[in-house]
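Below are the chains, spelled out letter by letter.
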Amino acid sequence: MPPLPAFVAALPLSQSRPSAACTHRRLARQCPVATAGTTASSSNGATPLLVRAARGEPVPRPPVWLMRQAGRYMADFRAFSDHHPFRHRSETPDIAFELSMQPYRAFATDAVIMFSDILTPLPALGIDFDIVSGKGPRIPDPIRTIDQARRFASASFDPASSLPFVAELLKRLRDELASEPAALVGFVGAPFTLAAYAIEGAAAKNIVATKRLMYSSTEEEQVLSTVLDKLGSVVADYAVFQVRQGAQVIQFFDSWAHHLSPDQYSTYALPAARKAAESFKAQCPKIPLIFFANGAGGKLEMIQDQLGHVVDVVGIDWSVSMSDARRRLGKDVVLQGNVDPSILATGSEDAIRKAVRDTVSQADGPLILNLGHGVIKETPEDAVGVFCDAARNMAAAEVVA
Ligand SMILES: Cc1c2[nH]c(c1CCC(=O)O)Cc1[nH]c(c(CCC(=O)O)c1C)Cc1[nH]c(c(CCC(=O)O)c1C)Cc1[nH]c(c(C)c1CCC(=O)O)C2
């Protein structure tokens, strides 16, 4: 293995990282940190780099992980997904554990995100769903009427009894990571994105059913507000539950923010997101909260204004330049993102390395390196290795310079 970059060699053993070359399974096999369960380069209970960076503490380099890092782009993942339907995979702790750990073992990312879905808590509230191969999420009985919305709002949400597999998964992952440097990330869908899925019943091009509820009549608007208000508390309770089971960081995914104009986002999505984030933070003040809204270019200031007091990290999607995000949000905000996922799917090694360098230099301040949305399935595994390697190298170069 090549010598460790200077900044890594200078770190105490408890913070040491895999060498820059140790980014993929073939290499990770030789790399103690990337091998689950070894204690050779353990974190020995030290606070993971990702947690420190998310809290805005000074760190030797930006941590790196990828949204949707577990997925069909990996051959090891397909070995499971070709044989077991999504809900079976995500609701069987043995399988979900393996799928969560695959990208960590392969790429030594700074985070392990539990393998699950933003829709996973919905059946606990009486909303069944499935993920149909090649088609995406399907909800057979979407919420459209005030009676359905009231029934949804009166459902009691008890994750311990209805989502025991999430508890078991998180406990096992936390145990596994006890002697590893990676942070365990839990996640929830933000209230608006979950509400729109529950109303649309499937991925929808223009979320017409949801928008109709905004604009038709007072009673119909009540359907939306009832569902959003309920989700404002459910999302917080579910995130708190994940923390109690071992999650060290929570990310809110507002993946359907791009469907809303800034006015609609401010009227419908942000109040419920704020309710969830405030309640979560009141119960878990020390757990970093990352808020990622997809397509938030026109909404960054309102997100900071409404959520800045409870959100530790603002996720930036790939359509916004990091320099723009930094200028608009200020020098102290921890940003996360935002390399265009399609560069990993299509670009040369040089293009990926350049994208990482550009992101770090444009962020020009506290940063968690990530993509600007989830990994896409056409991505070669080696490209993810290059991305993680570039992230570590880039940071080394910066720190040494
Ligand atoms: C919008 C959304 C969903 N689910 C999620 C979001 C928010 C993130 C984003 O904006 O991309 C969140 C999610 N879903 C999944 C994760 C895994 C953890 C990780 O590695 O990041 C995470 C964080 C697994 C999954 N969830 C799903 C997959 C792919 C299908 C499969 O594995 O069978 C994975 C790996 C299914 C799913 N679930 C959903 C979609 C759009 C799909 C894809 C459907 C398809 O590709 O046909 C809803």
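The rules behind the values
Residues numbered from 1 in each chain as written. Predicted model: local features only at pLDDT ≥ 70, side-chain atom pairs only at ≥ 80, totals over all residues. UniProt positions renumbered as here; feature names shortened; annotations may be inferred. Helix = DSSP H or I, 4+ residues; strand = E, 2+ residues; numbered from the N terminus. Buried ≥ 20, exposed ≤ 12 C-beta atoms within 10 Å, placed from the backbone. Near = placed C-beta within 6 Å. Nonpolar A, V, L, I, M, F, W, Y, C, P; charged D, E, K, R; others polar. Axes fitted to C-alpha atoms, helices over the stretch in contact; angles between N-to-C directions. Parallel < 35°, antiparallel > 145°, perpendicular 65-115°, else oblique. Left-handed = near helix turned anticlockwise from the far one by under 90°. Contact = placed C-beta atoms within 7 Å. Pairing = 2+ DSSP bridges. Expected span 1.5 Å × (residues − 1).

An unreviewed UniProt entry annotates the protein chain as Uroporphyrinogen decarboxylase of Chondrus crispus. Recorded under Pathway (unreviewed entry), the UniProt text for the protein chain is reproduced unchanged: "Porphyrin-containing compound metabolism; protoporphyrin-IX biosynthesis; coproporphyrinogen-III from 5-aminolevulinate: step 4/4." We quote the UniProt Catalytic activity (unreviewed entry) comment for the protein chain here in full: "uroporphyrinogen III + 4 H(+) = coproporphyrinogen III + 4 CO2".

Peer 1: Could you clarify how one ought to interpret the overall build of the protein chain in this entry?
Peer 2: In terms of regular secondary structure, the protein chain is built from 18 helices and 9 strands. Residues classed as buried in the protein chain amount to 50% of the 401 residues present.

Peer 1: Is there a simple way to think about the site of the ligand in this case?
Peer 2: Neighbouring the ligand are 22 residues, the closest being A70, G136, F253, S255 and G374. Looking at the shell around the ligand residue by residue, the class counts come to 12 nonpolar, 7 polar and 3 charged.

Peer 1: Any chance you could explain the packing of helix α13 (residues 262-283) against helix α14 (residues 300-307) here in plain terms?
Peer 2: Describing two packed helices takes the angle between their axes plus the distance from one axis to the other. Where α13 meets α14, the closest approach of the two axes is 10 Å, and the angle between their N-to-C directions is 30 degrees. On the basis of the axis angle, α13 is roughly parallel to α14. Relative to α14, α13 is oriented so that their crossing is right-handed. On the side of α13, the interface is formed by P262, Y265, S266, L270, A273, R274 and A277, while α14 contributes M302, Q306 and L307. Residues of the contact of α13 with α14, tallied by class, amount to 7 nonpolar, 2 polar and 1 charged.

Peer 1: Sorry if this is basic, but what is going on with the sheet that holds strand β6 (residues 289-293) here?
Peer 2: One open sheet accounts for 7 strands, arranged β1-β4-β5-β6-β7-β8-β9; its pairing is parallel. Since the sheet does not close on itself, it has two edges, and those belong to β1 (111-113) and β9 (367-371), each with one partner. Taking each pair of neighbouring strands and ignoring which way they run, the sheet shows an average axis angle of 25 degrees. Relative to strand β7 (residues 313-315), β6 runs parallel, the two sharing 3 bridges. Considered in β7, the bridge of F292 is made with G315.

Peer 1: Explanation requested: the environment of I316 in the structure shown.
Peer 2: Tracing the chain through its elements places I316 in the loop between β7 and α15 (322-329). Separated by 139 residues in sequence, I316 and L177 have C-alpha atoms that sit 27 Å apart.

Peer 1: I'm lost on helix α10 (residues 191-200) in this one. Help?
Peer 2: Given 3.6 residues per turn, any residue in an α-helix points the same way as the ones three and four places further on. The buried fraction of α10 amounts to 10 of the 10 residues, a majority that puts the element mostly inside the structure. Inspection of α10 places P191, F192, T193, L194, A195, A196, Y197, A198, I199 and E200 among the buried residues, and these make up the whole buried set. Contact partners of the buried residues in α10: β3 (136-138), β4 (183-189), α11 (208-215), α12 (218-244), β5 (249-254) and α13. Just downstream of α10 lies G201, where phi reads positive at about 85 degrees.

Peer 1: So what exactly am I meant to see when it comes to the packing of helix α7 (residues 146-154) against α12 here?
Peer 2: It is the contact of α7 with α12, at a shortest axis distance of 9 Å, that shows an interaxial angle of 15 degrees. In terms of orientation, α7 lies roughly parallel with respect to α12. In this structure, α7 crosses over α12, and the sense of that crossing is left-handed. Residues I146, A149, R150, F152 and A153 of α7 pack against E219, Q222, V223, T226, V227 and K230 of α12. Tallied by class, the residues present in the contact of α7 with α12 amount to 6 nonpolar, 2 polar and 3 charged.

Peer 1: Can you walk me through the pairing of β9 in this structure?
Peer 2: Regular strands place their side chains on alternate faces of the sheet. Counting buried positions along β9 yields 5 of 5 residues, so the element is predominantly enclosed. Pairing geometry for strand β8 (residues 334-339) and β9, over 5 bridges, is parallel. Counted as the bridge partner of L335 is L367 from β9.

Peer 1: How should I be thinking about α12 in this particular structure?
Peer 2: Taking 1.5 Å per residue as the helical rise, α12 with its 27 residues ought to reach 39 Å, and the 39 Å between its terminal C-alpha atoms agrees with that figure. A positive backbone phi angle near 135 degrees is found at G246, which sits one or two residues after α12.

Peer 1: What should I look at first to understand the environment of R274 in this one?
Peer 2: Structurally, R274 can be placed in helix α13. Classification of R274 by C-beta neighbours within 10 Å gives partly exposed; the count is 18. Sequence spacing of R274 and S217 is 57 residues, and the spatial spacing of their C-alpha atoms is 25 Å. What R274 contacts, discounting residues up to four positions off in sequence, is Q306 and L307.

Peer 1: Would you explain unusual backbone geometry in this entry?
Peer 2: Residues apart from glycine generally show negative phi values, whereas peptide bonds are mostly found in trans. In this structure, N338 follows G337 across a cis peptide bond, with omega equal to -15 degrees. Within the element layout of this structure, N338 appears in strand β8. A positive phi is found at R68, a non-glycine position, where the angle reads about 55 degrees. Tracing the sequence through the fold places R68 in the loop between α3 (49-54) and α4 (75-81).

Peer 1: Can you help me understand the environment of E221 in this one?
Peer 2: When you line up the elements, E221 lands in helix α12. For E221, a count of 14 C-beta atoms within 10 Å translates into the label partly exposed. For the pair E221 and R151, spaced 70 residues apart in sequence, the C-alpha to C-alpha distance is 16 Å. Setting aside anything within four residues of it in sequence, one finds E221 in contact with L213 and M214.

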